[in-house]
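Single-letter residue listing:
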Amino acid sequence: MSETQSHYITRNLTKPIVLIGMMGAGKTHIGSMLARELELDFYDTDRLIETKAGMPVADIFDMFGEPKFRDSEHKTIADLLKSKGPCVIATGGGAVTNAKTLEILKRDSLTIWLDMDLETLWERVQRSKTRPLLYADAPKEKLETLLNTRRPLYEQAHIHFQLKNDDRPPINQVLSAIADWF
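The structure displayed is predicted, hence computed values, not measured ones. (Residues numbered from 1 in each chain as written. Predicted model: local features only at pLDDT ≥ 70, side-chain atom pairs only at ≥ 80, totals over all residues. Heavy atoms only, no water.)

This next bit is on the packing of aromatic side chains. Throughout the structure, instances matching the rule amount to 4 aromatic pairs. Here the aromatic rings of Phe 61 and Phe 69 are separated by 5.1 Å at their centres, their planes lie at 40°, and the arrangement is tilted. Side by side, Phe 61 and Phe 69 carry an identical accessibility label, which is buried. Between Trp 113 and Tyr 154 the ring centres are 5.8 Å apart and the planes differ by 25°, which places this aromatic pair in the stacked class. Taken together, the residues span a long stretch of sequence, with Trp 113 in strand β4 (residues 110–115) and Tyr 154 in helix α8 (residues 139–154) at a distance of 41 residues. Side by side, Trp 113 and Tyr 154 carry an identical accessibility label, which is buried. Cluster of aromatic residues (ring-pair linked, three or more members): Tyr 8, Trp 181 and Phe 182. (Phe/Tyr/Trp six-rings, centres within 6.5 Å; stacked < 30°, edge-to-face > 60°. Buried < 20%, exposed > 50% of the residue type's maximum accessible area, 1.4 Å probe, protein only. Helix = DSSP H or I, 4+ residues; strand = E, 2+ residues; numbered from the N terminus.)

This is how it looks when you write it as structure tokens:
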């Protein structure tokens, strides 16, 4: 390819790139790096929801419950997909559990599943105080259940990217996977 991967992708991209996957997979970190590399805007749906609500996601879950959060998440994602054009979006891990959200993600974006094994995910999230779905008596088992339940939903992504437990996000490999998709 005569042009760099970044320019090739940006030239051919007509809709947002959306990162999906479990909590702790690195969607926000990799998404912000990907956006910087592609010179696109970056949006983190959890941060947008927190800003609009004036409170952290964990507090939204506590005060209003998961269904209210998922509804707000759907509206936020739908608005981004309609109004932003090419950009990079990191979703919350459970965004795909709303059938309407999964449908618009598959139709109106290029979805990339950042897949990571349970042990690495657990290592990354076990001490977090901001993961309301892990406020359970057996949080690792809860994480495993969530992963197993969501896997068929994540598998519907356009691109499946298997992450390794590595200190360096694989931006060049992610760019290659996107370029190969076109």
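Text resumes after the structure shown.
Right, let's talk about the layout of surface pockets for a bit. Roughly 310 Å³ of volume is contained in the second largest pocket. Along its surface, the second largest pocket is lined by 14 residues, and Ile 49, Lys 52, Ala 53, Ser 72 and Thr 76 are the ones closest to its centre. Sorting the residues of the lining of the second largest pocket by element identifies α3 (45–53), α4 (57–64) and α5 (66–83) as the ones contributing at least two each. Here the lining of the second largest pocket takes 8 residues from α5, the largest share from any one element. Its residues placed into classes, the lining of the second largest pocket shows 7 nonpolar, 2 polar and 5 charged. (1 Å grid on protein atoms, 1.4 Å probe; cavity = no way out; pocket = protein on both sides within 12 Å on 5 of 7 lines; lining within 4 Å. Points joined across faces, edges and corners; volume = space filled by probe spheres on them. Nonpolar A, V, L, I, M, F, W, Y, C, P; charged D, E, K, R; others polar.)

This part takes up the pairing of strand β1 (residues 17–20). Neither face of β1 is left uncovered, since the one carrying Ile 17 and Leu 19 and the one carrying Val 18 and Ile 20 both have all their residues buried. Of the strand pairs in this sheet, β1 and strand β3 (residues 88–90) are connected by 3 bridges, and their pairing is parallel. Each residue of the ladder has a partner; that of Ile 17, found in β3, is Val 88. Pairing of β1 with β4 involves 4 bridges; the strand directions are parallel. Across the sheet, residue Leu 19 finds its bridge partner in β4, namely Ile 112. (Pairing = 2+ DSSP bridges.)

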